[in-house]
Amino acid sequence: MAVCLALSGDLSFLLEPADSIAVRGRALTLNCQAEGEPPINITWYKNGNPLSGIPHIQQLSNGSLWIRNLQKRQVNASDAGEYSCAAQNRYGKLLSRKARIQLAFLSRFHLNPQPMSVAEGGVARFQCLTTAVPTANITWERNRTALLTSDQRFTLLPAGVLQITGVTHDDIGMYRCLATNVANSRYSDEAPLTLAGTLQPNQNEPIILSGPQNLTLVVHQTAILECIASGNPRPIVSWSRLDGQSIGVEGIQVLGTGNLVISDVSVKHSGVYVCAANRPGTRVRRTAQGMLLVQAPPEFVQWPQSISQNLGGNATFHCMAQGVPEPTLLWLKNGKHLSQGENIILSSNNSTLTIVQVSSSDEALYQCIAENTAGTNQASSRLAVSLPQEAPKSPEEVTAVPLSTSSIQLTWKAPSLEVADRIIGYVLHIRKAGEPSSQELQEALSKTTFRHVLTNLEPSTTYSMFLRSYSPLGASSDSNTIFATTLGKPPKTPELSVSVVNDSAVQMSWLALPVAGQVQGYKLAYRKIPYGEFQGLQILPGNISIFTYSDLEAGSRYEMKLVAFNGNGEGNCSLRFVSLRHGEGSQWGEC
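Criteria and cut-off values
- Residues numbered from 1 in each chain as written.
- Predicted model: local features only at pLDDT ≥ 70, side-chain atom pairs only at ≥ 80, totals over all residues.
- Heavy atoms only, no water.
- Helix = DSSP H or I, 4+ residues; strand = E, 2+ residues; numbered from the N terminus.
- Buried < 20%, exposed > 50% of the residue type's maximum accessible area, 1.4 Å probe, protein only.
- Contact = heavy atoms within 4.5 Å.
- Pairing = 2+ DSSP bridges.
- Axes fitted to C-alpha atoms, helices over the stretch in contact; angles between N-to-C directions.
- Phe/Tyr/Trp six-rings, centres within 6.5 Å; stacked < 30°, edge-to-face > 60°.
- Disulfide = S-S within 2.5 Å.
- Core = buried A, V, L, I, M, F, W, Y, C linked by side-chain atoms within 4.5 Å.
- 1 Å grid on protein atoms, 1.4 Å probe; cavity = no way out; pocket = protein on both sides within 12 Å on 5 of 7 lines; lining within 4 Å.
- Points joined across faces, edges and corners; volume = space filled by probe spheres on them.
- Nonpolar A, V, L, I, M, F, W, Y, C, P; charged D, E, K, R; others polar.

Engineer: Report on the environment of Pro-459, specifying residues and quantitative values.
Structural biologist: Here Pro-459 lies in the loop between strand E45 (451-454) and strand E46 (462-471). Looking at Pro-459, the relative accessible area reads 31%, which means it is partly exposed. Sequence separation between Pro-459 and Ile-164 is 295 residues; the distance between their C-alpha atoms is 54 Å. Non-local contacts of Pro-459, meaning those with residues more than four positions away in its chain, are made with Thr-405, Thr-486, Leu-487 and Lys-489.

Engineer: So what's going on with the sheet that holds strand E40 (residues 375-386)? Which residues, and what values?
Structural biologist: Taken in spatial order, the 5 strands make up an open sheet running E32-E40-E39-E35-E36, and their pairing is mixed. In this open sheet, the two edge strands, each paired with only one partner strand, are strand E32 (307-310) and strand E36 (336-338). If you compare each strand with its neighbour and ignore which way they point, the axes differ by 35 degrees on average.

Engineer: Tell me about the pairing of strand E39 (residues 364-372), and name the residues and values.
Structural biologist: On a regular strand, one side chain projects to one face of the sheet and the next to the other, so that they alternate. Burial of E39 is extensive: 8 of the 9 residues sit out of reach of the surface. Sheet analysis places strand E35 (residues 328-333) next to E39, joined by 6 bridges and oriented antiparallel. Paired with Thr-328 across the bridge in E39 is Glu-371. Where E39 folds back onto E40 in an antiparallel hairpin, the turn is made up of 2 residues.

Engineer: Could you give an account of the packing of aromatic side chains, naming the residues involved and the relevant values?
Structural biologist: Enumeration over the complete set of coordinates arrives at 12 aromatic pairs. Judged by centre distance (5.5 Å) and plane angle (65 degrees), the ring pair of Trp-412 and Tyr-426 falls under edge-to-face. Here Tyr-426 lies in strand E43 (residues 425-432) and Trp-412 lies in the loop between strand E42 (408-411) and helix H1 (417-420), a separation of 14 residues in the sequence. Under the relative-accessibility criterion, Trp-412 is labelled buried at 5%. Here Tyr-426 falls in the buried class, since its relative accessible area comes to 1%.

Engineer: An account of the state of the cysteines is requested, with residue identities and associated values reported.
Structural biologist: One pass over the full model with this rule turns up 4 disulfides. Paired by a disulfide, Cys-32 and Cys-85 hold their sulfur atoms 2.0 Å apart. The S-S bond linking Cys-32 to Cys-85 shows a torsion near 80 degrees; that makes this disulfide right-handed. Of the two residues, Cys-32 is situated in the loop between strand E3 (28-30) and strand E4 (33-35) and Cys-85 in strand E9 (residues 81-89); the sequence distance between them amounts to 53 residues. Exposure remark for Cys-32: the relative accessible area of 0% places this residue in the buried category. What makes Cys-85 buried here is its relative accessible area of 0%. Across the disulfide, Cys-128 is cross-linked to Cys-177 (sulfur-sulfur distance 2.2 Å). Because the sign of the S-S torsion sets the handedness, a value of about 125 degrees for the bond joining Cys-128 and Cys-177 places this disulfide among the right-handed ones.

Engineer: Outline the nonpolar core, listing residues and values.
Structural biologist: The biggest cluster of nonpolar side chains holds 21 residues, and the ones touching the most others in it are Phe-300, Phe-317, Trp-331, Leu-353, Ile-355, Tyr-366 and Leu-383. Contributing elements (two or more residues each) for this core: strand E33 (315-318), E35, strand E37 (344-347), strand E38 (352-355), E39 and E40. Those residues in contact with Trp-331 that sit more than four places away from it in its chain are Pro-304, Phe-317, Cys-319, Lys-336, His-337, Leu-338, Leu-346, Asn-350, Ser-351, Leu-353, Gln-367 and Cys-368. Phe-109, Ala-124, Val-167 and Leu-193 belong to the second largest nonpolar core, which has 20 residues in total.

Engineer: Lay out the sheet that holds strand E7 (residues 57-59) in plain terms, naming residues and giving numbers.
Structural biologist: Pairing is antiparallel across the open sheet formed by 3 strands, whose spatial order is E3-E8-E7. A strand with exactly one partner marks an edge of an open sheet, and here the two such strands are E3 and E7. Across the sheet, the mean angle separating the axes of adjacent strands is 20 degrees when strand polarity is ignored. The sheet contact formed by E7 and strand E8 (residues 65-67) spans 3 bridges and is antiparallel. By the bridge assignment for E8, Gln-58 is matched with Trp-66.

Engineer: Got a sec to walk through empty space enclosed by the protein? Specific residues and values, please.
Structural biologist: Enumeration over the complete set of coordinates arrives at 2 cavities of 30 Å³ or more. Val-123, Thr-165, Cys-227, Ile-228, Ala-229, Arg-234, Pro-235, Val-237 and Thr-257 together form the lining of the largest cavity. Of the residues assigned to the lining of the largest cavity, the class counts are 6 nonpolar, 2 polar and 1 charged. Roughly 50 Å³ of volume is contained in the second largest cavity. In this structure, the second largest cavity is lined by 10 residues; those nearest its centre are Trp-303, Pro-304, Gln-305, His-318 and Gln-442. Of all the elements, E33 adds the most residues to the lining of the second largest cavity, at 3 residues. Residues belonging to the lining of the second largest cavity are distributed by class as follows: 5 nonpolar, 5 polar and no charged.

Structure below.
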């Protein structure tokens, strides 16, 4: 059986090359450092080919790569490409992530500002568009004088957009933008802004001059969704999501008169965003929408563990990663792509690598590479092959007790002193009851651990677990398989609705929870405002979703409360204020 523990001399990267931008007249360093049993040899590749014989590219003593600019030499296209390094010692070879090197540049303008004729008091919008690496900083000038960004009527968006609200006679002139980055600076063509009369009261319906564009970003970037509207009176711009979810408030701000800024975006921000321009005091509105897609680079949920396996046995590595979009997995053996073969089995979308009947030639470093359009990640492990010998005794008296909705405590008997001297550690195998072995997770534990708490589990879920002991001679057989179920959660109380039946009766209603058995029943109560003690307690079964309180005091105000409960306790409460005075209706309350 395989020993799934860290092996002496394992090789791993301390630093890997990162995406960089090469700038004319500047040197560029790509880092590559590894740790493990020395000596460690570092080699470099460009676009998959060994890198050598280039005069201005030098490998430093610490393994990093230095791309220098010779005197009067300009960065050229030959320096761009994908760079990677490889680290090798006597146990095998690892390949780093690929780093993309781009040349700094600034293109000519794809879009220049266009002439604008706007009524006084109206809205003007100019835009210029260029391609640049790194992204260009864009500023604006009127009559070749820099605009005062302190004027709140001017809104500058990083994408090269200038918005001017409440246009006045002083805004007349020629406008152009200046794009600047480390490669160059460029001015756009000039475009005039002229006045076309004065806005008349109630003259214009809302018009969205420019709405949000579809955006694809990576987590932690900033999303700017444009929405600028004109009309008289000035429209009120508001935002919502098409799926009805709340936009939230954390990291959210409005730039100018209606542009939505979401800083430090995460996957949860993905969705279709709708900007609405409403004419004040009316239901007249115009809408525009754009999709925000947030991608996340791969992150490992389970790393492959190094294995010591007897000659002729089977070795299995597990690797699981998450990201948006879903990452693809591939395996390397000593830096070379590994594919299905006579003794190689790749299963569960490449998340499991099994080497059947291992031989001495299978002793190597194995890497799991996770890739998606947002990035790459790699995790490494080593397979050591040994002669079959006597294995240790399996753990005894294994028990499991649920501690909470997300944790289970596992305990087992400490071995005798004679056996303990030979044990180097334990490995816990866990999966949801009924799931295939390919979904199994493994966790290495120290040889002095006999009590371990599993966390981040799902509530009301049964898990199957067993342990193995490990010694330098190999692994034990499986301990007894045990089952334990995490505690459940109290139910979520549905949203309460109330309606006045007559001057002394109020009907309460709610939507039944969609999962059968999730709720055992409901508790209802009310109290008269000003607040007193809740009274009129009613306990209803879980299949009831309506109840009417009668004999209330006419003309009074009441606070109505609903709480769902099950065997795990009471959920949150839902409150509504209701008035039996004619025409006052109801409103939300807070528990």
